[in-house]
Amino acid sequence: MSTKQLIALLNSHASGDEDQFMSIALQVAAQEARNGNMVDAEKLKRLVQRIRDRGSNSTRPQSVIPLARPRAELQELVQSSYPKTRLDNMVLSEQVRARLGRVVRQQLERGLLRDHGQVPATHLLLVGPPGTGKTMTASALAGELRLPLFTVRLDALFSRFFGETAGKFRILFDQVAKTRGVYLLDEFDAMGASRGDTNDVGEVRRVLNSVLTFMEEPNATDSLVVAATNHSEILDKALARRFDEVVEYGAPDEEAARAILTRRLGRLKLTAKAWTQVANAAAGLSQGELVRAADTVVKDAILGGVSALSIPALRTALDDRRSFKERLSTHR
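In this section: the nonpolar core. Counting residues in hydrophobic clusters, the biggest one holds 26 residues, and the most contacted among them are Leu265 and Leu318. Among the secondary structure elements, those contributing two or more residues to this core are helix H12 (254-265), helix H13 (272-282), helix H14 (287-304) and helix H15 (311-331). Per-element tally for this core: the top contributor is H14, with seven residues. Membership of the second largest hydrophobic core comes to 25 residues, among which are Leu125, Phe169, Ala227 and Ala238.

Encoded structure:
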């Protein structure tokens, strides 16, 4: 432990800031892990977990968790928030819900797992077409775990800092080790493209190698790293194998599509009769496209002072989303 860390540790203890106290302890654990002192690192993490478990079982009211912010070097690339979304707010297939639920349980009971020599899942890869709920899943996981969500703008990282990208990722990885949270790496294929790609350059290879190294490092804080991609086929295979869970998303089936529209339309009741008249128009649309179509109908109803669902209006909105989707596919 450095002198600065010791001073910060004592200051946090003197001021009664238990969150800061544990954060510094985890920083020391991460440092010990990087130095190869895995036994001491594990001891520190277990002690911190015991303190947290004691606090969660206490009858005293919990204090408000302060909003975590990315380090100064990352503020242009990382957005932080505290989502209130939960998995119950999403319409998911039973398979996807079960896999995400398993990750949440492992995270919530990570102390028990570590006591038995196991570690919780900390790296998730979400795969599927746009609008199927991948980004919302990251928000829901943060909401379930009451953790900050850090959204990393990979497009900005590559476009603005090309040549420094690997160094910026090292700073990001250090934050993952020091500040527990859910880290969303959207458009992950931008950094995970195969090393054999004909357009590959040295910087991309360096970034990929640094990511591979990071994913092998001990996760001192049990942060959850969530990568999302629309193009799993171009991901480097060595990188894809590093994920604890790979969750695949697809277009909602008929039952899920009806549930999404019913929930989004709210007081504009989607009756069984109405559904039979729009089911064909909804088939094959993503969750995002269904939500946008429903929102269009709801807004028009509010502005028009209408309290009942217009089936023709909903069908038109769904057809418009389908036409837009087909135009995008044609222009690619």
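Time to look at the confidence of the model for the chain. Looking at the chain, the pLDDT average stands at 80 and 78% of residues meet or exceed 70. Averaged pLDDT values over the elements of the chain bottom out at 63 in helix H9 (residues 189-192) and peak at 94 in H13. Counting interchain partners and residues more than four positions distant, the pLDDT-below-50 stretch residues 56-67 has eight contacts. Throughout residues 194-198 the model reports pLDDT below 50, and contacts reaching past four residues in sequence, or to other chains, amount to nine contacts.

Let us look at the side chain of Arg180. Checked against the element boundaries, Arg180 lands in the loop between helix H8 (165-178) and strand S4 (182-185). Salt bridges are absent for the buried Arg180, whose nearest opposite-charge side chain, Asp222, sits at 5.4 Å. Within the local environment of Arg180, its side chain forms a polar contact with the side chain of Gln107, the two groups lying 2.6 Å apart.

This part covers the pairing of strand S6 (residues 245-248). Looking down a regular strand, the side chains alternate between one sheet face and the other. Along S6, the buried face is formed by Glu245 and Val247; none of Val246 and Glu248, which line the opposite face, is buried. Alignment of strand S2 (residues 123-127) against S6, held across four bridges, turns out to be parallel. Paired with Leu126 across the bridge in S6 is Val247.

With that settled, the discussion passes to the packing of H12 against H13. It is at 11 Å that the axes of H12 and H13 come closest, and there the two elements cross at 115°. Here the hand of the crossing between H12 and H13 comes out right-handed. Residues Glu254, Ala257, Arg258 and Leu261 of H12 pack against Ala272, Trp275 and Ala282 of H13. For the contact of H12 with H13, the per-class residue count stands at five nonpolar, no polar and two charged.

A few words now on the packing of helix H4 (residues 94-108) against helix H6 (residues 134-145). In contact at an axis separation of 10 Å, H4 and H6 are set at 35° when each is read in the N-to-C sense. Taken as a pair, H4 and H6 cross one another with a handedness that is right-handed. Between H4 and H6, the contacting residues are Leu100, Val104, Gln107 and Leu108 on the first element and Thr137, Leu141, Glu144 and Leu145 on the second. Taken together, the residues of the contact of H4 with H6 sort by class into five nonpolar, two polar and one charged.

A rise of 1.5 Å per residue sets the reference length of H4, with its 15 residues, at 21 Å; its end C-alpha atoms lie 21 Å apart and thus fit the reference within 8%. For H4, the full list of buried residues reads Val96, Leu100, Val103, Val104 and Gln107. The arc enclosing the buried residues of H4, seen along the axis, measures out at 100°, which places them on a common side. Turned more than 90 degrees from where H4 packs its buried face, Glu94, Gln95, Arg105 and Leu108 sit exposed.

How each quantity is defined
Residues numbered from 1 in each chain as written. Predicted model: local features only at pLDDT ≥ 70, side-chain atom pairs only at ≥ 80, totals over all residues. Heavy atoms only, no water. Core = buried A, V, L, I, M, F, W, Y, C linked by side-chain atoms within 4.5 Å. Buried < 20%, exposed > 50% of the residue type's maximum accessible area, 1.4 Å probe, protein only. Helix = DSSP H or I, 4+ residues; strand = E, 2+ residues; numbered from the N terminus. pLDDT = per-residue confidence, 0-100. Contact = heavy atoms within 4.5 Å. Lys, Arg positive; Asp, Glu negative; His and termini not counted. Salt bridge = Lys/Arg side-chain N within 4 Å of Asp/Glu carboxyl O. Polar contact = N/O pair within 3.5 Å; in protein donor to acceptor, adjacent residues only side chain to side chain. Pairing = 2+ DSSP bridges. Axes fitted to C-alpha atoms, helices over the stretch in contact; angles between N-to-C directions. Left-handed = near helix turned anticlockwise from the far one by under 90°. Nonpolar A, V, L, I, M, F, W, Y, C, P; charged D, E, K, R; others polar. Expected span 1.5 Å × (residues − 1). Arc of directions from axis to C-beta.

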